[in-house]
Amino acid sequence: MNIKKLRKDFYFLQKKNYIYFDNACNSLRPDCVVEKINEYYKEYPVCAGRSNYALAEKLTTDLLGVRKNIAKFISAKEDEIIFTKNTTESINLLANSLDLKEGDIVLTTDKEHNSNLIPWIKLKSKGVIHKTINSNPDNTFNIERLSKVLCPEVKLLALGMSSNLDGVSIPAKEIIDLAHKNGSLVLLDAAQSAISEKIDVKYLDVDFLAFSGHKILGPSGTGVLFGKKDLLEKLGSFLVGGSTVHSSSYDDFELADIPERFEAGLQNFSGILGLGEAIKYLEKIGLKNIQKQKLVLNEYLSNELLKIDKLHIIGPEEASRRSGIVSFYIDDIDSHQLSIMLDRSAGIMTRSGQHCVHSWFKSREVASSLRVSMSFYNTLDEVKKFVDELNNIIKILR
Amino acid sequence: MFCFIALLVFSVLGIFSATHRKFAKEAFDCVFRRITFRPCNTGFREKVRGIILVKLMKRSSFFAKVFNKYFELIAWIFFVLMIVSTFYVGRGAYNFYLYGNCNGVNEEGFCLFDPTGENNKISPVAPTCGLDTPTVDDLSLANTDLDKFFFIDNNSEDTVVFIGCYVCDFTRKAFPDIEKLLEKKKPNFYFGHLPVKHGSDFISSYDYCAREDTSGDYWKFVELMFTSDIENINDQNYLQEVVDKAGYDKSKIDECLADPETLASIEQNIFNIGNTNIYGTPLVFVNNKAIVGPKPYRVYKGFLK
Ligand SMILES: Cc1ncc(COP(=O)(O)O)c(C=O)c1O
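What you see is a predicted model, and the numbers here were worked out from it, not measured in a lab. Residues take numbers from 1 onward in each chain, read along the sequence in its written order. Here chains are named by letter from A upward and ligands by number from 1 upward, in the order in which they appear as written. Given that this is a predicted model, residues contribute local features only at a pLDDT of at least 70 and side-chain atom pairs are listed and counted only at 80 or more, while totals for whole chains, interfaces and linings are drawn from all residues. Based on all heavy atoms of the structure, the side-chain values leave hydrogens and waters out of the count.

**Quick notes on a negative patch on the surface**
All names here are of chain A.
Then, number 1: Every patch collects residues that have over 30% relative accessible area and no salt bridge, joining them within 9 Å if they carry like charges and within 5 Å if they are nonpolar side chains (Val, Leu, Ile, Met, Phe, Trp, Tyr). Per-residue and other accessible areas follow the Shrake-Rupley method at a 1.4 Å probe size, with only the shown protein chains counted as cover for residues. What makes a salt bridge here is a side-chain nitrogen of Lys or Arg within 4 Å of a carboxyl oxygen of Asp or Glu, nothing more. None of His or the chain ends enter the tally, which takes Lys and Arg as positive and Asp and Glu as negative. To locate a charge, take atom NZ for lysine, CZ for arginine, CG for aspartate or CD for glutamate. A cluster of acidic residues, Asp251, Asp252, Glu254, Asp257 and Glu260, forms a negative patch on the protein surface.
Then, number 2: Here a helix means four or more residues in a row that DSSP labels H or I, a strand means two or more in a row labelled E, and each is numbered from the N terminus. Looking at the element boundaries, Asp257 is found in the loop between β10 (253-255) and α10 (269-285).
Then, number 3: Take Asp257: its relative accessible area is 45%, and that puts it in the partly exposed class. Only protein chains enter the calculation, and the probe is 1.4 Å; a residue is then buried if its accessible area is under 20% of its type maximum, exposed if over 50%, and partly exposed in between.

**Let's talk about the domain arrangement of chain B**
Interfaces are often sized by the amount of accessible area the parts lose when they come together.
Then, number 1: When its domains are assigned, chain B resolves into domain 1 (2-99) and domain 2 (121-302).
Then, number 2: Each domain's extent is set by a domain assignment, obtained either automatically or from a database. Spacing between the C-alpha centres of domain 1 of chain B and domain 2 of chain B amounts to 53 Å.

**A look at the sheet that holds strand β4 (residues 188-193) of chain B**
All names here are of chain B.
Then, number 1: By definition, two strands form a pair when at least two bridges between them are found by DSSP. Ordered in space as β2-β4-β3-β6-β7, the five strands form an open sheet in which the pairing is mixed. Looking along the sheet, the strands with just one partner apiece sit at the ends: β2 (150-152) and β7 (289-292). On average, adjacent strands in this sheet sit at an angle of 15 degrees to one another, irrespective of strand direction.
Then, number 2: Of the pairings in the sheet, the one linking strand β3 (residues 159-164) to β4 comprises six bridges and is parallel in character. The partner of Val160 across the bridge, within β4, is Phe189.
Then, number 3: Against the sheet, helix α8 (residues 218-227) engages β2, β3 and β4, with an angle of about 55 degrees to β4. Note on geometry: axes are C-alpha line fits, over the in-contact stretch for helices, and angles between N-to-C directions span 0 to 180 degrees. Note on definitions: a residue-residue contact is assigned when non-hydrogen atoms from the two residues lie within 4.5 Å.

**With respect to the state of the cysteines**
Residue and element names in this part refer to chain B.
Then, number 1: Cysteine sulfurs are considered disulfide-paired once they come within 2.5 Å of each other. Applying the stated criterion across every chain, the model contains three disulfides over all chains.
Then, number 2: What pairs with Cys102 in a disulfide is Cys111, and their sulfur atoms sit 1.9 Å apart. Classification of the bridge connecting Cys102 and Cys111 rests on its S-S torsion, roughly 55 degrees, and on that basis the disulfide is right-handed. Like Cys102, the residue Cys111 is buried in the burial classification.
Then, number 3: Two residues, Cys209 and Cys256, share a disulfide whose sulfurs are 2.1 Å apart. A torsion of -80 degrees about the S-S bond marks the disulfide between Cys209 and Cys256 as left-handed.

**A closer look at the packing of aromatic side chains**
Residues and elements named next belong to chain B.
Then, number 1: Here the aromatic set is Phe, Tyr and Trp, taking the six-membered ring for Trp, and pairing holds for ring centres within 6.5 Å; pairs whose planes are under 30 degrees apart are stacked, those over 60 apart are edge-to-face, and all others are tilted. Overall, the coordinates contain 34 aromatic pairs over all chains when judged by the stated rule.
Then, number 2: Seen from their ring centres, Phe151 and Tyr190 are 4.4 Å apart, and the 25 degrees between their planes marks the pair as stacked. Linking Phe151 in strand β2 with Tyr190 in strand β4, this pair joins segments that are 39 residues apart in sequence.
Then, number 3: Judged by relative accessible area, Phe151 falls into the partly exposed class, the value being 34%.
Then, number 4: Put simply, the rings of Phe150, Phe162, Tyr166, Phe175, Phe189, Phe191, Tyr218, Trp219, Phe221 and Phe226 touch in pairs and so form one group of aromatic residues.
Then, number 5: Charge-over-ring placement is defined geometrically: NZ (Lys) or CZ (Arg) within 6 Å of the ring centre, and within 35 degrees of the ring normal. The ring of Tyr297 has Lys180 sitting right over it, with the charged end atom 4.2 Å from the ring centre.

**Things to note about the pairing of strand β6 (residues 283-286) of chain B**
All names here are of chain B.
Then, number 1: Residue alternation in β6 divides its side chains into two sets, Leu283 and Phe285 and Val284 and Val286, and both sets are buried.
Then, number 2: Sheet topology places β3 next to β6; four bridges connect them, and they run antiparallel. Bridge pairing in β6 links Val160 to Val286.
Then, number 3: Alignment of β6 against β7, held across four bridges, turns out to be antiparallel. Bridge pairing in β7 links Val286 to Lys289.

**Describing the pairing of strand β7 (residues 208-212) of chain A**
All names here are of chain A.
Then, number 1: Of all five residues in β7, five are buried, a share of seventy percent or more.
Then, number 2: By the bridge criterion, three bridges tie strand β6 (residues 185-189) to β7 in an arrangement that is parallel. Paired with Asp189 across the strands is Ala210, a residue of β7.
Then, number 3: Two elements, β7 and strand β8 (residues 223-227), share five bridges in a ladder whose sense is antiparallel. The partner of Phe211 across the bridge, within β8, is Val224.

Next up, the structure:
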């Protein structure tokens, strides 16, 4: 993989004075994605599905093509792919349409993103119980603990496949097998993993899976919910209205087939087309290559960071277990201040705070951390510059 | 506490710049969140500190280190300075309103609201040989015989004494406000003409004669003198016209002008006015309070009872 050449695909990366290390929030988009969005608005800014003129038909066909590509990307069937706005909406859709009853238990890890925590906590009003499986001290998944807590009441495991806090992935296949033996369904929040590991929903046998387009080079406001076809058929409806029904009368309606029945209202056509382009681009580069580059960068960065006094990396010390993420805090230095200074002094964009995982920070009594999340288009030079600048700043602050 | 301080400081700076307005808003959020006991995760304090530190770091890491170490103290110093300067600005505005000058009545020195010092300008009286130039504190009516002034008795408890010169820019600037005061508030009113500019002796003679002669309307004469162009007033023929317009009997005025006693009387009047220790015109006493320079109407009014 020729990174120098690849970087040319990203207009933003041609700007010399920026180093983008906030990829866990939102990846950069290659020019082809931006051009695809433009193409929609310039060439066929019309309605899909509902209209029968030629351009509408072309758009409908193109959107179907994207649905197929996304299905192929995760080894699913095209009618198992539901377009949403983002991971958060995908999870909310599921939480509001799964048939969970009083006394049912939903399990999550103890370091879920709020998007995979709040929707389940909210079900408390229906009598659904939310419980967490505590991680190991190094923040990795504790499978033994899971096997101990599984019981018939556990109806769903909703788990972050890879954490936005520390980059650690869970042993998804092992967990799913255990869960299925217990008769529990599994939802994987793949917001972070969709860009770093090949997801094969068939192999994993996962029941539901959610991810966002904007974290995998796609446009903002695009997301996907995968669900096994038979399970989707059984789901209740959540958002209803235009596009979700075959027909309606004054007092009744007939729901459309899946997946349309879950895609209420006019869709984000340009976004979906852009997402299709992003997936093509990802496949061209290869997820393995992406992951390889992330690990090279993480290895170097982690080694350098561990030389700094009073600095703690969240998660396991081995970089290879944290994908492209390094989240750390320094005992005597405020993370927000570090992040601001890195940005103002060298244009290095990082994230400081609690990364939407307040619960983890509260339970560990850690105020905040600085998160460096790298992607395949980041270079070793950028990481070196980060380390130098960080050391300079620490010297000032100590 | 930092958020509170920053809110105050940036709110004031925000009046002048959009960047500071943005910070003021952030500081407001920070304060608000703290007051309601929500976790303050704006990192506002760190943000401000970080931005300043980076700027310093680029110049000298030593200063950046010192700044970082004493950040809290420095923030307090700036806060105190800001409060003090806000107090002074407030006081300046108050003084400006009351006295037409930020520093107090008759005070000099820079005033933001009157940057060119218009309200303080005077036409200076030539210093008397061998005597110290008088100051504001020396101004008084105690040794001046007001009977020698032109007087309008309005049977009021307020007394205004107006001393000025017809060809002086700043007296002319003050005149409309003095006239307005006279019309609206009807104080007892004295007027004395003091010729501060050389070469205007004949003007003093006309003034003296118009005042002494009862055939015309002296105040009309004064009004005409202050409202006519200075070049015209410097022309004797024009003064004849003024006298005419004010209803005087020209022959009587001419007679007075030719009288050798006239000049001596004018001298006496000037001496009498000089007893106020006047050092420039216009000089106005409102109920014995001396006001030097042309002030806005509200200032004169402010000293009435
Ligand atoms: C693990 C994880 N889950 C869910 C989300 C929510 O994603 P979105 O904001 O795209 O809905 C994120 C976003 O950072 C995430 O990292």
